[in-house]
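# Summary of structural features
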Amino acid sequence: MPPIRSHIRFYLNDRLVTLSDVAPDRTLLDFLRLDRVMRGTKEGCAEGDCGACTVLVGRLDEAGLVYESINACIRLVGSLDGCHVVTVEHLARADGSLHPVQQAMVDYHGSQCGFCTPGFVMSLYGLWLTNPEPALPEIETALQGNLCRCTGYAPIVRAAAAISHYGDAATDTIEVERETMRGRLQALQDGHRVVVETPKGQFVIPADVDDLADILLDMPGATLVAGSTDVGLWVTKFMRDIAPVVFIRGLMDEIAVDGDIIRIGAGVSYSGAFATIAAHIPQLVPLLDRIGGGQVRNMGTIGGNIANGSPIGDTPPPLIALGAEITLRRGNTRRTVRLEDYFIAYGQQDRAKGEFIESIAVPIPAADTFFAAYKISKRRDEDITAVLGAFRIRVEGGVISDAVIAYGGMAATPRRARAVEAALIGAPWTMATIEAALPAFEEDFQPLSDWRASAEYRMLVAKNLLSRFFLEMQGGHEIHILRHEVA
Amino acid sequence: MDTLVERKAIIGGMSQPHRHDSGHKHVAGSADYIDDLIEPAGTLHAYLGLSTIAHGEIVTLDLDAVRAAPGVVGVLTADDIPGERDISPSHKNDEPVFAAREVTFSGQPLFVVLGETREAARRAARLAKVTYRELPPVLDVAAARLAGDALVTPGLTLERGDVVAGLADAPRRVAGSITIGGQEHFYLEGQIALAIPGEDRDMVVHSSAQHPDEVQRMVARVLGVADNAVTIIVRRMGGGFGGKESQSNLFACIVAIAARTFKRAVKLRPDRDDDIKMTGKRHDFVVDYDVGFDDAGRIEAVDAVFAARCGHSADLSRGVTDRALTHSDNAYFYPAVRVRSLPLRTNTVSNTAFRGYGGPQGMLACERWIEDIAYALGKDPLEIRKANFYGEAERNVTPYHQTITDNILERLVGELEASADYARRRAEILAFNEKSPILKRGIALIPLKFGISFTMLALNQAGALVHVYRDGSVHLNHGGTEMGQGLHTKIAQVVADVFQIDLEHVKVSATATDKVPNASSTAASSGSDLNGMAAENAAQQIRDRLIAFAAEKYGVAAGAVLFEPNAVVVGDKRFSWAQFAEQAYLGRVQLSAAGFYKTPGISWNRDAGRGKPFLYFAYGASCSEVTVDTLTGEYMVDRVDILHDVGRSLNPAIDIGQIEGGFIQGMGWLTTEELWWDAKGQLRTHAPSTYKIPVVSDVPRIFNVRLAEWSENRAPTIGRSKAVGEPPFMLALSVFEALGMAAASVADYRIAPRMDAPATPERVLLTIERLKRLARGS
C-alpha cells in the first residue's frame, strides 16, 4: 500500500492551499465564495450549464502544464489535489490595470449586467492562452459553455477576436510562470494515497490505478468521481450524500492508437480524447464539439459517460456502432464486455460492486466503411440529446454487407436498431432499401415523450437520420446543416 | 479674450458611445451583486419550502423535522407574518406570501427555514411533511376556456369601426388560431434579498429588484410598519428583463419578516431550479382571429381574441394583456377592428412582466394574419405589409383611437429593404429551394412600431437627486435601477452634459428609496426617458443657481456665464469646474437639487379603450434569412439585417447593445426556449440544462445592426432620444416568419405555414410534415 497523506494541496492563484478538513462534497465554487470570500466567481445555475463560475485549472499531463476552463460549481475541491486553480481575481495586474482579456471586453462593450462576465473572461482567457488569434468557429466553440442573457454575444465575439491587440499571450503571467508552476506542481506529486476524513465523510485519492483497484475492494460502495459533471449535480441539485468518495481524476488518462484500435483510458476527458479521435475517426468531430460546453468537455470523461448508464449519453451510440468494447476491472481481475451489452436496463449496468471501467477499445472504422453519428437536440450547442443516431454500414458490390446502427434517446438505454439492421443487410444500397427499412424502427423502439422531444418527433427524426445518412454517403446535394464551417 | 480656449467636447457627454460605467468592474469580478456583499456578522440564511402540487388544500403541514434539523434556527409560516399576508402588486389580495390553506400552483412557497448556513436551511426545507387534498388543476389556456373563462382581472376590448360589417363585406377572409409560448427570463443573477434590521422597527433590504419603491411598500405592508421605516437598496441587478419587476417582492418580504423575527440579518437566494419554478414568466397566449381583406391584401377588418395564461394571480397581467392588444396592430392600419383580451386564471405560476410586456405576443399574432393573407394571395408578405402600413396624414388612427404623428415606417423599411438587398436575396432563395431537396431557405422582413409610456398614468413620473461637492465631483442618484441596460451611464451622461464636465466626475450611487422616493419601476423601456429628464431637471436647477451666483458676484449678465468643458467662463474670467464649485460653496449656493419629471400629454381611458396612452412610438425593422433541414427541423439563422430607431441616441454603443441583445433574446423566445409542463402542472424545464436560451453559435453569422441615425424624437424627450429597452426584442419576429417560409417551400408556398411558437426543431419538422400532407391531399 502506498504511503498515506491526509490532506490535499493545490495552488489557488499565487498561494498554496492545504486542506485537511474539506468535505467530499465541497464544490470549488462554495470553497471560493464562502470559505475564501473570493466573490468574483459567480453562481448562475449550479449545474455546469451557464459558465458564470468558470475558472481555469492547471494540471500536469504528458505535455506539461495545461490550463483548462472548468465549471467551479460542480467541480469538487477534493479533485484538485496537485492542481493550479486560477480565478478572475488573478487577472488584474499588480498596478490595478486590467488584463488584455478584460480590457478588450470593456472596450467592445462585452458586458451589460456583468454577472456572466467573469465566467466569459475566464473562458476567453483559457482560449487566448492556447490560441491567441482565434477564428470565429474557435471562439464559438470556446464559449459554448457560457450563457449571456443581455448582450446577444456579438460584442463578446468582437472582444474575443481583438484580445491580442491588447497584449501578448506569450508574455502573460501564466506563460511567464509556467515552468515555475510546473515545478511547484511536480513537487506536490508524492505518490501518496490521499485519505481525508471529515464530519461529512471520507474521500480518497488513489496513488495510481492499482491502488484504485485495491481501494474499491475495501470500499465497494464508494462514489467514483472523475469529472463530476454528473455527480456534481447530485450534490448541488439533489443534495445527496455522496461519501465516501474516490476521486479518480488524473488516473487512467492515457489514450493510444494500437493498430486499428483506439484505446481510451476511462479517465480521459472529452477534450483529452479529441485530437486522437479527430485524427482517426474524423466523422465524430461534429459530435464531440457538441458535447456540453468547453468546461464540461474539459471535466467530463468518456468513461464516466458510459459508466453512469444514461440513455442519452452522447458517446455510447457511436461507440456501440463502432463495435467498442470496455475493460472492467475488479482487484486484479479484468474482463472485457461489448459496450452494447454493458447497458442492461434503465439504471442498470453490467458492473459489479468494486468493479470499475478501466478502458474503452474503439475500432477505427475501415476506410471502405460508411460511418456517421448525428445528434438532434433543441439547441444545437450545449444541449442534451433528444435523439442520437450512429450508423456504420459496409457496402460490397452495391449490397449492404454489414450494418450496425445504434440510437440514444429512443429507449431506456443506448440501443441497437436490430430490426432496421436486419432490414438493410443483404439489400442493395439504395433509397428504396432505406425507405423499406423505415417501418422496422417501430419494432426496435417505442420512444417516450418528454420536454426534450415528443415520441412522434423522436420516431420521425430517427427514421429521417437514416435517410440523411444514406444521402450524405451518396454525396451530391448539401443535405446537412453543419455548425458554422470550421476555419 | 485669451482666457477662452477653443471649445472641445467633454468626455462622456450625451450621444457619445461611452462604455458601461461598471464595465471595468464586471470584467474584474469586483462589481458587487447582493450575494457578493460581505454579510453582517450572524447573518441567517433562508430557504423556502415549496408546494409540490398545482392545486389543492393543505391538510397537514408538519415542520417538526425541519425545525429539528442541524443548523436550523427557526421556521416561519403565514401565521408568523406581523403585518398583511398578501403582496399582490395589483392589490387584489390574491398573492399570499405563504400559502396557508389552499395551494394554487406548484412551486408556491409554504414556509421558510432559517439556518446558520444556506446549505443547512436548504437541506432542512426538504424534510417537511406536507399532505394535500388534491383538487383538479386548470393548467393552460384551453383548460381555462373549457372551465369557463375565469379571469384574474377584467379583460380589455379595443374597438374602432364596424368590425362585423367590415368582415362581412370583405372580399376575402382568413380565420385561424396561433399558440404563442411563454418565456423564462433567465436573468443570470437569480432572485436574492438581504435584510438588515435596524433600530425602532426599521429595515434595510438589499433587493435585486427593478421596482424598489414597490418592494419598499410591500415590505412595509408585511411588517406592519410605515413606508418610512423601510429602505430598499439596489446597486445593480444581474439582469432583470421584467422578471424582477414584481417578482422580487416575495424574497424581500420574506427576509424582512425573518430579520424582524430573529433580529439578525437574513439572506435568501433560491437555487436556480427553484427560482424558475416559483417566479412568473412571459405570458403564453392563444389568439383566435378572423380577418377580412381585399384582393390586394389590404386589411378591411380584424376581429381577434387574445387568451392569456396568467397563472394563479393577477400580478401584472392586466397591463401585459392590455399591451398585447395595443400592439396587435403592429405597423398596420385596420379600418375596422375589435380585439379582446381574456386574462385567464390557471394553476400555474403567476405570469408577469417580460421585455415587451405583451407587445411581442400581440405583434406576433398580427404578423401571423399578415402571413396568412400573403399565402392566401400568393404574394410576398412584405408587399402585404407595405399595403397596410399606417399612413402619415390618413389611415393613421390606432385601434385605441390614438393618432400616430411620428410615422417613419416607409423610409425605415425602404432603407432596410435596400441595404439588406431583400428582393434579390428572396429571388435567390426561391431559386435555391427549387433545386435543393433537403435544405430549404427562408427570408422575411418585418417592421415594428412600439408605444412608449406606461399605460398606468401615475407611473409616468420620476425623481432624481444631484449633489455637487466642493471639489466639483458630482453625486447622482435617480429612481431608475441598473440591470445591465446602461441606464446609469446614460443618466450620468445627461448630467455631465448639463455641467459640461467629463463623465468621470459624475458618480451614480445605488438606487435607494430614501434618496428618491416613490420612484416608478424601471420598466416599459422608460428608464432613460423618465429619469434622464428628472436628472436633467435637477442638474439644471443647480446650473441656474450657479449662473445667478456668478452673474451677481462678477457683475455680468447671465448670458455671459458659460459652461465650457470642465470650466466655467464668467465674462472675461475662466475657472476650472472645481474652482468654481468651491467658490459657489463659499458663496453659499445650494449645490444640491431634487429633480422631477412627468410625461406630458398622455391619457388613457381603459373602460372606453380610448386615449393617447403613448407619448411616441419607436420603430424598427429586421430582415432575417434562415436555412432549415427538412429531415430534422434543425435550422440556422444565416443572416440578419436590422435598422432601428432610437431617435437621437443618448449612447450609440449602449443602444446597439440593447438591439443586439434584445434581438437574440427575442430569437430565443421564438426558437429554442420552450416551457414544458407535465400533466400534473409541474414545470419540467426549470434549469439551463432543460430550458435553452441562445448560445453564442446561435448568433447569425452575418449580423448587421444599424441605427436610423436620421431619426429624432418628435416628442420632447431627453436629447430627443427614444426608448430602446424593449422594442428590439420584437425584431426577432422576422426569424420566425423566415422559418415558416422555409417550411412552406415543401408545399410550394401554396399553404400558409401556420407554425406555433416557439419554432423548436421539432415544431419546424412537424410543420413541414403537416404541410407535405396537406399538399398531397390538395
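Cut-offs and rules
Every chain's residues receive numbers from 1 upward, in the order its sequence appears when written. Note on labels: chains are lettered from A, ligands numbered from 1, in written order. Given that the model is predicted, a residue must reach a pLDDT of at least 70 before its local features are reported, and side-chain atom pairs must reach 80 or more before they are shown or counted; all residues, however, enter totals for whole chains, interfaces and linings. We define a nonpolar core as a collection of buried residues of the types Ala, Val, Leu, Ile, Met, Phe, Trp, Tyr and Cys that are connected via C-beta atoms lying within 7 Å of each other. Here the C-beta atoms are placed from the backbone, and a residue counts as buried if at least 20 other C-beta atoms lie within 10 Å of its own, exposed if 12 or fewer do, and partly exposed otherwise. Contact between two residues is assigned when their C-beta atoms, built from the backbone, lie within 7 Å. Going along the chain from the N terminus, every DSSP run of H or I of four or more residues is numbered as a helix, and every run of E of two or more is numbered as a strand. One less than the residue count of a helix, multiplied by 1.5 Å, gives the span that helix is expected to have. Domain segmentation is taken from an automatic or database assignment of domains. As a working rule, the residues Ala, Val, Leu, Ile, Met, Phe, Trp, Tyr, Cys and Pro are called nonpolar, Asp, Glu, Lys and Arg charged, and the rest polar, with Gly in that last group. Any two strands are treated as partners once DSSP identifies two or more bridges connecting them. With strands facing away from the observer, any crossover in which the path from the first strand over the helix to the second runs clockwise is taken as right-handed.

Our focus in this paragraph is the nonpolar core. Residue and element names in this part refer to chain B. Counting residues in each nonpolar core, the largest one holds 362 residues, and the members touching the most others are Ala46, Val113, Val219, Val255, Ala256 and Leu739. Residues within four places of leucine 739 in sequence aside, it is in contact with Gly442, Val626, Val628, Tyr635, Met755, Ala759 and Val764. Listed in part, the 46 residues of the second largest apolar core include Leu465, Ala496, Ala519 and Leu546.

All names here are of chain B. Following the sequence through the fold, histidine 686 ends up in the loop between helix 17 (652–670) and strand 29 (702–707). Taking the C-alpha atoms as reference, histidine 686 lies 29 Å from aspartate 64; in sequence the two are 622 residues apart. Beyond its immediate sequence surroundings of up to four residues, histidine 686 is in contact with Asp273, Ile276, Lys277 and Tyr691.

Let's shift gears to helix 18 (residues 733–744) of chain B. Residues spaced three or four apart along an α-helix point in a common direction, a consequence of the helix completing one turn every 3.6 residues. All names here are of chain B. End to end, helix 18 covers 17 Å across 12 residues, agreeing with the expected 16 Å (1.5 Å per residue, within 8%). The buried count for helix 18 comes to 12 of 12 residues, which makes it a mostly enclosed element. The set of residues buried in helix 18 consists of Leu733, Ser734, Val735, Phe736, Glu737, Ala738, Leu739, Gly740, Met741, Ala742, Ala743 and Ala744.

Our next topic: the domain arrangement of chain A. How big an interface is tends to be stated in terms of the accessible area lost upon association of its parts. All names here are of chain A. Per the domain assignment, the segments making up chain A are domain 1 (7–191), domain 2 (255–363) and domain 3 (369–474). Secondary-structure elements contributing two or more residues to the side of domain 1 that touches domain 2 are strand 5 (64–71) and helix 4 (136–142). Here the side of domain 1 that touches domain 2 gets four residues from one element, more than from any other, and that element is strand 5. Residue composition of the side of domain 1 that touches domain 2, grouped by class: two nonpolar, nine polar and two charged.

Here Ala243(A) and Pro244(A) are connected by a cis peptide whose omega angle stands at -5°. Checked against the element boundaries, Pro244(A) lands in the loop between helix 9 (231–236) and strand 10 (245–247). Positive phi is not limited to glycine here, since Glu382(A) has a value of about 45°. Mapped onto the fold, Glu382(A) is located in the loop between strand 18 (369–376) and strand 19 (387–396). At Ser15(B), a position not held by glycine, the phi torsion is positive, near 75°.

On to the interface of chain B and chain A, then. In this assembly, 71 residues from chain B lie in contact with 67 residues from chain A. Looking at the side of chain B that touches chain A, the elements that each hand over two or more residues are helix 1 (23–28), helix 3 (118–125), helix 8 (272–278), strand 27 (616–629), strand 28 (635–644), helix 17 and helix 19 (761–777) of chain B. For the side of chain B that touches chain A, the element with the highest residue contribution is helix 17 of chain B, accounting for seven residues. Each residue belonging to the side of chain B that touches chain A can be placed in one class, and the counts come to 29 nonpolar, 24 polar and 18 charged.

For the rest of this paragraph, the subject is the pairing of strand 11 (residues 230–234) of chain B. Residues and elements named next belong to chain B. When you tally the buried positions in strand 11, you get five out of five residues, the bulk of the element. By the alternation rule, side chains of strand 11 split into Val230, Ile232 and Val234 and Thr231 and Ile233, which are all buried. Looking at chain direction, strand 10 (residues 203–207) and strand 11 are connected through four bridges and run parallel. Looking at strand 11, one finds that methionine 203 is bridged to valine 230. With helix 6 (residues 212–223) bridging strand 10 and the parallel strand 11, this β-α-β connection has right-handed handedness. Both strand 11 and strand 20 (residues 511–512) contribute to a ladder of two bridges, which runs antiparallel. Directly across from isoleucine 233, in strand 20, lies its bridge partner alanine 512.

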